[in-house]
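Below are the chains, spelled out letter by letter.
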Amino acid sequence: MTSSKVTDAKVTDAPEEGYERGLGSRQVQMIAIGGAIGVGLFMGAGANIAKAGPSIILMYALAGVVIFFIMRALGELLLYRPVSGSFAEYAREFLGPFFGFVTGWTYWLMWVVTGMAELTAAAIYIHFWFPEIPQWVSALVFLVVLFGVNLISVKIFGEVEFWFSMVKVTAIIGMIVIGLGVLTLGFSDAGDTAAVSNLWSHGGFFPNGIGSSLMTLQGVMFAYLAVELVGVTAGESENPEKTLPKAINTLPWRIIVFYVGALLVILSVVKWTEFSAGESPFVHAFGKIGIPLAAGIVNFVVLTAALSSCNSGMYSTGRMLRDLAANSEAPSAFGKLNSRKTPAVGIAVSVALMGIGVILNYVVPEKAFLYVTSVATAAGIWTWMMILVSHIRYRAAVDAGRLRASSFPAPGGALFSWVALLFLIGVTCMIAYDKDARVCLYVAAGWAVALGIGWAILKSRNPRIAERRDPELEKVG
């Protein structure tokens, strides 16, 4: 059997069949850009700055390099076989059905808890304007509205996400320009103290030591969750061979501008000691600059970022559940599309569980964000690891002549996938060391037990489910 024949057969049976390829190039590009700008930057950066000081800029840059390695690995796999199941499908193909099962359900969990985090953040931002409105009320309203958007059609989702992302991109560029104006021209209330020297003149670049800076990496990695969403859109993109490589190759510029650039400007305008956890550094900085309505405008932008990410979460969870159902790894009802070609049942179940975030905002509003971001980060790290290991296995298959080469090969072959994999293992060790973030590992252990039981039940009902593996890959070793 030739490698091309194996590949062609899989494409024909791809589980995205039946979807509407309704995401145009501009929408995929903006989803990719918007995926790199979320609540992890706008809100989570406050706690990270308080822990690491100006060195947080280096942490975001370091993590950004690793994320680029991950996305190039994913890009090579996507152009080898663009499917909506994405990394779950690749884990299933290159590592076996069990890993596809675990990856699909874990990615689903990641977006469910990320949705909780975004709902929490959005409720906090509403609290900025209307402190009398309880957090849980705002969270519930947003949950219902975005659920409606996702039920209509993928085109509506793409259009809403396009404008959400446009707001974020325009705003951050505007923030950078204003910040540079404060630094160079000295206008506003912050002009007298704004200086590039703020990056090292208040305890140094590593004011709390390199160890404290490294411990922020788990929070920093949360900020990059959603960049892999481009992979989920593959099955509904009009021209994946053209749009996906372009979206991935522009990732370094997005990281440089939106993360490194924005934080460089903010930490130059306002000294790092003024930032604290639970507060958006962007809102604080522009409130200090004193531009009329600036803090309110920035608050609107970060609210948009949170809603954008939650919107994406609803989209991806429905697609992942459908992929699992197509492979007999989830109830068959999740595999059905409604008349508008959206996986309505899967989205509805995911949204119902995201509602737990509403409960958390009622019970423990001060801890809700920390809890859900920690769990989401752990699930995201597993997903990225599976992308990397699948890529390493794929490259081995290509080098052995078992599979055709992708039209979008990752630079360095599997080398940088190994580097990124070791980095993620290191971040996992840091999570275990951090008493606040460690809660996610307890959840992960419980989740692993639940998945193990679920897999055992599936195998008992359908023994052949564990046998579906490409025999060509057995020869790779």
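Keep in mind the model is a prediction, meaning the values are calculated, not measured.

Within the protein, the regular secondary structure consists of 22 helices and zero strands. Taking all 477 residues of the protein together, 59% fall into the buried category. Counting contacts in the protein only where the partners sit at least 6 residues apart, residues at least 24 apart contribute 82% of the total. For the protein, the accessible surface area stands at approximately 17,700 Å², while carbon and sulfur atoms represent 68% of it.

Helix α17 (residues 344–354) packs onto helix α7 (residues 97–129) with a crossing angle of 50 degrees between their chain directions and a minimal axis gap of 9 Å. By the angle between their directions, the pair α7 and α17 is classed as oblique. For α7 against α17, the interelement crossing comes out right-handed. Of the residues in α17, those in contact with Trp108, Trp111, Val112, Gly115, Met116 and Leu119 of α7 are Ser350, Leu353 and Met354.

A separate point is a nonpolar patch on the surface. A surface patch of nonpolar side chains, amounting to about 490 Å² of accessible area, comprises Ile173, Val177, Trp253, Ile256 and Val257. Elements supplying a minimum of two residues to the nonpolar patch: α9 (154–185) and α14 (251–269). For the nonpolar patch, the leading source of residues is α14, giving three residues.

This part is about the packing of helix α5 (residues 56–80) against helix α6 (residues 86–95). The contact between α5 and α6 brings their axes to 11 Å, and the two run at 80 degrees. Relative to α6, the element α5 lies roughly perpendicular. From α5, Leu74, Leu77, Leu78 and Tyr80 reach across to α6, where they touch Ser86, Phe87, Tyr90, Glu93 and Phe94. The residue inventory of the contact of α5 with α6, partitioned by class, reads seven nonpolar, one polar and one charged.

With that settled, the discussion passes to the nonpolar core. With 149 residues, the main nonpolar core has Phe42 and Trp384 as its most contacted residues. Sort the elements by how many residues they give to this core and α7 lands first, with 18 residues. The contacts of Trp384, once residues within four sequence positions are left out, are Ile67, Ile70, Met221, Tyr224, Leu225, Glu228 and Leu424.

Despite not being glycine, Ser328 has its phi angle at roughly 60 degrees, a positive value. With a relative accessible area of 40%, Ser328 lands in the partly exposed category.

All right, on to α9 then. Here α9 contains 32 residues, and its C-alpha end-to-end distance of 46 Å stays within 8% of the 46 Å for a straight helix at 1.5 Å per residue. Positioned one or two residues after α9, Gly186 has a phi angle of 75 degrees, which is positive.

Moving on, we get to the confidence of the model for the protein. Predicted confidence across the protein gives a mean pLDDT of 81, with 84% of residues reaching 70 or more. Per-element mean pLDDT across the protein ranges from 38 in helix α1 (residues 3–12) up to 93 in α5. Contacts of residues 471–477 to residues separated by more than four positions or lying in other chains number 15 contacts, the stretch itself having pLDDT below 50.

On to the pattern of salt bridges. For the structure shown, the criterion picks out six salt bridges. For Glu93, the salt bridge is made with Arg81, and the minimal N-O distance between the two is 2.8 Å. Of this pair, Glu93 sits in helix α6 while Arg81 sits in the loop between α5 and α6; the two residues are 12 residues apart in sequence, bridging distant segments of the chain. For the residue pair Glu93 and Arg81, the accessibility class agrees, reading buried in each case.

In this model, helix α21 (residues 439–461) (23 residues) spans 34 Å end to end at C-alpha, consistent with the 33 Å of a helix rising 1.5 Å per residue. Among all positions in α21, only Cys440, Leu451 and Trp455 are buried.

Both the distance between ring centres and the angle between the ring planes are used here to describe each pair of aromatic rings. A full pass over the atoms with the stated rule returns 16 aromatic pairs. For the pair Tyr80 and Tyr394, a centre-to-centre distance of 4.8 Å together with 40 degrees between the ring planes defines the contact as tilted. Taken together, the positions of Tyr80 in helix α5 and Tyr394 in helix α19 (residues 368–399) put the pair 314 residues apart, joining distant regions of the chain. Pair check on accessibility: Tyr80 and Tyr394 agree, each one buried.

Okay, the environment of Ser350 next. On the secondary structure map, Ser350 appears in helix α17. Counting along the chain gives 29 residues from Ser350 to Leu321, while the straight-line C-alpha distance between them is 9.0 Å. Apart from the residues lying within four places of it in its own chain, the contact partners of Ser350 are Trp108, Val112, Thr317 and Leu321. A polar side-chain atom of Ser350 sits 2.9 Å from a polar atom in the side chain of Trp108. Polar contacts involving the side chain of Ser350 include one to the side chain of Thr317, which spans 3.3 Å.

This brings us to the environment of Val167. On the secondary structure map, Val167 appears in helix α9. For Val167 and Thr304, which are 137 residues apart along the polypeptide, the C-alpha to C-alpha distance reads 7.4 Å. Among all residues touching Val167, those that are not within four sequence positions of it are Phe300, Val301 and Thr304.

Turning our eyes to something else, we now look at the side chain of Asn198. Within the fold, Asn198 resides in the loop between α9 and α10 (209–214). On the basis of relative accessibility, which here comes to 6%, the residue Asn198 falls in the buried class. Of the polar contacts made by the side chain of Asn198, one reaches the backbone oxygen of Thr193; its length is 3.1 Å. Other than its neighbours up to four places away in sequence, Asn198 contacts Pro54, Thr193, Leu267, Ser268, Val269, Val270 and Lys271.

The rules behind each value
Residues numbered from 1 in each chain as written. Predicted model: local features only at pLDDT ≥ 70, side-chain atom pairs only at ≥ 80, totals over all residues. Heavy atoms only, no water. Helix = DSSP H or I, 4+ residues; strand = E, 2+ residues; numbered from the N terminus. Buried < 20%, exposed > 50% of the residue type's maximum accessible area, 1.4 Å probe, protein only. Contact = heavy atoms within 4.5 Å. Areas by Shrake-Rupley, 256 points an atom, 1.4 Å probe, with all protein chains shown as cover. Axes fitted to C-alpha atoms, helices over the stretch in contact; angles between N-to-C directions. Parallel < 35°, antiparallel > 145°, perpendicular 65-115°, else oblique. Left-handed = near helix turned anticlockwise from the far one by under 90°. Patch = residues over 30% accessible without salt bridge, like charges linked within 9 Å, V, L, I, M, F, W, Y side chains within 5 Å. Salt bridge = Lys/Arg side-chain N within 4 Å of Asp/Glu carboxyl O. Nonpolar A, V, L, I, M, F, W, Y, C, P; charged D, E, K, R; others polar. Core = buried A, V, L, I, M, F, W, Y, C linked by side-chain atoms within 4.5 Å. Expected span 1.5 Å × (residues − 1). pLDDT = per-residue confidence, 0-100. Phe/Tyr/Trp six-rings, centres within 6.5 Å; stacked < 30°, edge-to-face > 60°. Polar contact = N/O pair within 3.5 Å; in protein donor to acceptor, adjacent residues only side chain to side chain.

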